[in-house]
Amino acid sequence: MKNQLRPGCLVMAAGNASRFRANKLAAQFEGKTLIRRALEAVPAALFAQVAVVSQYPRVLELAQKFGFQAIENAHPEYGISHTIFLGTQALSACDAIVYMVADQPLLDAGAVERVVQAWQAHPDHIAGAAHNGKRGNPNIFPREFYPELLALTEDHGGNVVIRAHPERFLPVEIAKEALTDVDTPEALRELEAREEPANL
């Protein structure tokens, strides 16, 4: 019955993205905004619930169009811990929660599904995307870790919990490109330039 466990999914899309010097989620990559690409990377059929936490009305509107629960973060200045708090509370009835960020343009639903499947096979572990030993996002946390996630403060995220329980972390190998996040306009342009030859 372990493979019958269905988690929830939280898309964290509330940050101020100060290094990007603009609303990063509205930036385009290969003709789509980063937030649309993030929502399209959610394999929704795997989840009991999908929630999107954001400070941006347009992001919340788009989440609703995808059929996801839209949760306003009125205090993004509190840091990522507040986004995690809001989303974890909303999804607390789920057996586990996948925490996704919204700035990995090359992440796809297949990679997210592999992380979910790894957890379903080992439901007492935290399963997370990785490449050659380097951890990244998304990560899925079983219910027993919710109290620690809810207790996070300021700009501390799930890495704090993973570091506290290294023996419980299960790396799930995905492509290096899928782990790539973009924190600046320059990084986004570099990623597009790197992808162009493959599209010729």
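Everything discussed here concerns the structure shown above.
Let me sum up the structure you'll find in this document. (Residues numbered from 1 in each chain as written. Predicted model: local features only at pLDDT ≥ 70, side-chain atom pairs only at ≥ 80, totals over all residues. Heavy atoms only, no water.)

A word on the sheet that holds strand 6 (residues 96-101). The strand order across the open sheet built from seven strands is 5-4-1-6-8-7-9, with neighbouring strands paired in mixed fashion. The open sheet terminates on both sides in strands that have one partner only, identified here as strand 5 (69-72) and strand 9 (169-173). For this sheet the average axis-to-axis angle between neighbouring strands, irrespective of direction, equals 25°. Both strand 1 (residues 8-13) and strand 6 contribute to a ladder of five bridges, which runs parallel. Each residue of the ladder has a partner; that of Met 12, found in strand 6, is Val 101. Packed onto the sheet, helix 3 (residues 80-90) meets strand 1, strand 4 (49-54), strand 5 and strand 6 and runs at close to 155° relative to strand 1. (Pairing = 2+ DSSP bridges. Helix = DSSP H or I, 4+ residues; strand = E, 2+ residues; numbered from the N terminus. Axes fitted to C-alpha atoms, helices over the stretch in contact; angles between N-to-C directions. Contact = heavy atoms within 4.5 Å.)

Turning our eyes to something else, we now look at the nonpolar core. Cys 9, Ile 35, Val 42, Phe 47, Val 52 and Met 100 are the most contacted members of the largest nonpolar core, which totals 35 residues. Within the residue set of this core, elements represented by two or more residues are strand 1, helix 1 (34-40), strand 4, helix 2 (57-65), strand 6, helix 4 (109-121), strand 7 (126-131) and helix 7 (176-179). Looking at this core element by element, the count peaks at six residues for helix 4. Cys 9 has contacts with Val 42, Phe 47, Gln 49, Val 50, Ala 51, Leu 91, Val 98 and Met 100, leaving out every residue within four places of it along the chain. Ranked by size, the runner-up nonpolar core spans 22 residues in total, among them Val 101, Ile 126, Phe 145 and Phe 169. (Core = buried A, V, L, I, M, F, W, Y, C linked by side-chain atoms within 4.5 Å. Buried < 20%, exposed > 50% of the residue type's maximum accessible area, 1.4 Å probe, protein only.)

In this section: the pairing of strand 8 (residues 134-142). Relative to strand 8, strand 6 is paired through four bridges, and the arrangement is antiparallel. In the strand pairing of strand 8, Ile 97 is matched with Phe 141. Note: strand 7 against strand 8, four bridges, orientation antiparallel. What sits directly across from His 131, in strand 8, is Lys 134. The hairpin formed by strand 7 and strand 8 contains two residues between the paired strands, and Asn 132 there has a positive phi angle of roughly 50°.

As a further point, take the pattern of salt bridges. On inspection of all chains with the given rule, the structure shows five salt bridges. In this structure, Asp 103 and Lys 24 form a salt bridge, with 2.8 Å as the shortest nitrogen-oxygen distance. Within this pair, whereas Asp 103 is found in the loop between strand 6 and helix 4, its partner Lys 24 is found in the loop between strand 1 and strand 2 (28-29), the two being separated by 79 residues in sequence. Look at Asp 103 and you get buried, because its relative accessible area is 9%. Look at Lys 24 and you get buried, because its relative accessible area is 11%. Across the salt bridge formed by Asp 95 and Arg 143, the nearest N and O atoms sit 3.9 Å from each other. Highlighted residues: Asp 95 in the loop between helix 3 and strand 6 and Arg 143 in the loop between strand 8 and helix 5 (146-150), separated in sequence by 48 residues. (Salt bridge = Lys/Arg side-chain N within 4 Å of Asp/Glu carboxyl O.)

By the element assignment, Ala 48 lies in the loop between helix 1 and strand 4. Sequence separation of Ala 48 and Val 11 is 37 residues, and the distance between their C-alpha atoms is 14 Å. If sequence neighbours within four positions are ignored, Ala 48 has contacts with Arg 6, Pro 7 and Cys 94.

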